[in-house]
Amino acid sequence: MQDFNYTLTWYHGSQQKLTILRVGSSITQNRNVAKGFSHSPSLLTQSAGGTVKHDGVIPGYLYTVADEIGPDDVYPHPHPVNATRWEWLTNRALKLELIEQTVVTDEERLTDQEIAEMKRKQEERSEKSFVECI
């Protein structure tokens, strides 16, 4: 994709200690999204202002991709919710550098009310989440 800036920092969140990311893994240029995914959530949301909240509880690891990324190295995740291209899948193995061990904070956790509201809106639109499509 010619109109995308591949030179920005890429991140990966995981529950495991890693040095190499496998082909087909998810990466993003949004640090907060990667950090959220490091907690193994079943639900993750991002507000219009950029705040990321989720229902994950597991401590994890946040990485940066140490290799240079170009158009042939990644492709946008095909799920319809990824229309803004915030999640990408890898075409090759990539080196990772650990930048943070993550713990869930109260500010990033979805409340029961927020989860119920998300599910209600999703049902109204007859949508499925990433998790339901896997």
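Trainee: What should I look at first to understand the packing of aromatic side chains in this one?
Mentor: Here a ring pair, both rings aromatic, is described through the centre-centre distance and the interplanar angle of the planes. Per the stated rule, a full pass over the model turns up seven aromatic pairs. Note on Tyr6 and Trp88: the rings are 5.9 Å apart at their centroids and 75° apart in plane angle, and the pair reads as edge-to-face. Separated by 82 residues along the polypeptide, Tyr6 in the segment before strand S1 (11-14) and Trp88 in strand S8 (residues 88-90) bring together distant segments of the chain. Arranged with centres 6.4 Å apart and planes meeting at 35°, the rings of Tyr61 and Tyr63 form a pair that is tilted. You'll find Tyr61 and Tyr63 in the same group, each marked buried.

Trainee: When you look at the confidence of the model for the protein chain in this model, what are you seeing that I'm missing?
Mentor: Averaged over all residues, the pLDDT of the protein chain is 89; the fraction at 70 or higher stands at 90%. Confidence over residues 130-134 falls short of pLDDT 50; this stretch has 10 contacts with residues more than four positions distant or in other chains.

Trainee: Explain unusual backbone geometry here, please?
Mentor: Excluding glycine, residues mostly have negative phi values, and the peptide bonds linking residues are mostly trans. With phi around 55°, Ser40 is a residue other than glycine that occupies positive phi space. For Ser40, the position within the fold is in the loop between helix H1 (31-37) and strand S4 (44-46).

Trainee: Can you walk me through the sheet that holds S1 in this structure?
Mentor: Strands belonging to one sheet form pairs held by backbone hydrogen bonds; the direction of such a pair is parallel or antiparallel. Pairing within the open sheet is antiparallel, and its four strands lie in the order S1-S6-S9-S2. Of all the strands in the sheet, just S1 and strand S2 (20-21) have a single pairing partner and so form its edges. Pairing analysis gives four bridges linking S1 to strand S6 (residues 60-65), with the strands arranged antiparallel. Along S6, the bridge assignment pairs His12 with Tyr63.

Trainee: Looking at this structure, I do not really get the pairing of strand S9 (residues 94-102). What am I missing?
Mentor: The side chains of a regular strand alternate, residue by residue, between the two faces of the sheet. By the bridge criterion, two bridges tie S2 to S9 in an arrangement that is antiparallel. Pairing of Ile20 across the sheet is with Lys95, part of S9. Pairing analysis gives six bridges linking S6 to S9, with the strands arranged antiparallel. The residue of S9 that forms the bridge with Thr64 is Glu97.

Trainee: What is the right way to look at the pattern of salt bridges in this model?
Mentor: Note on pairing: side chains with opposite charge can pair once their charged atoms come close. Scanning the entire structure with this criterion turns up nine salt bridges. Measuring nitrogen to oxygen at the nearest pair gives 3.8 Å for the salt bridge that ties Arg92 to Asp67. Taken as a pair, Arg92 in the loop between S8 and S9 and Asp67 in the loop between S6 and strand S7 (74-76) lie far apart in primary sequence, 25 residues in all. The exposure class assigned to Asp67 is buried, which follows from its relative accessible area of 19%. The shortest N-O distance in the salt bridge between Glu117 and Arg120 comes to 2.4 Å. Taken together, the positions of Glu117 and Arg120, both in helix H2 (residues 112-124) and three residues apart, correspond to about one turn of that helix. Its relative accessible area of 36% is what places Arg120 among the partly exposed residues. Within the structure, one salt-bridge network assembled from shared partners comprises Asp67, Asp73, Arg92 and Lys95.

Trainee: How do you make sense of the environment of Thr19 when you look at a structure like this?
Mentor: With respect to the secondary-structure elements, Thr19 resides in the loop between S1 and S2. In sequence terms Thr19 and Trp86 are 67 residues apart; their C-alpha atoms lie 23 Å from each other. Look past the residues within four positions of Thr19 in its chain and what remains in contact with it is Leu94, Lys95 and Leu96.

Parameters at a glance
- Residues numbered from 1 in each chain as written.
- Predicted model: local features only at pLDDT ≥ 70, side-chain atom pairs only at ≥ 80, totals over all residues.
- Heavy atoms only, no water.
- Phe/Tyr/Trp six-rings, centres within 6.5 Å; stacked < 30°, edge-to-face > 60°.
- Helix = DSSP H or I, 4+ residues; strand = E, 2+ residues; numbered from the N terminus.
- Buried < 20%, exposed > 50% of the residue type's maximum accessible area, 1.4 Å probe, protein only.
- pLDDT = per-residue confidence, 0-100.
- Contact = heavy atoms within 4.5 Å.
- Pairing = 2+ DSSP bridges.
- Salt bridge = Lys/Arg side-chain N within 4 Å of Asp/Glu carboxyl O.

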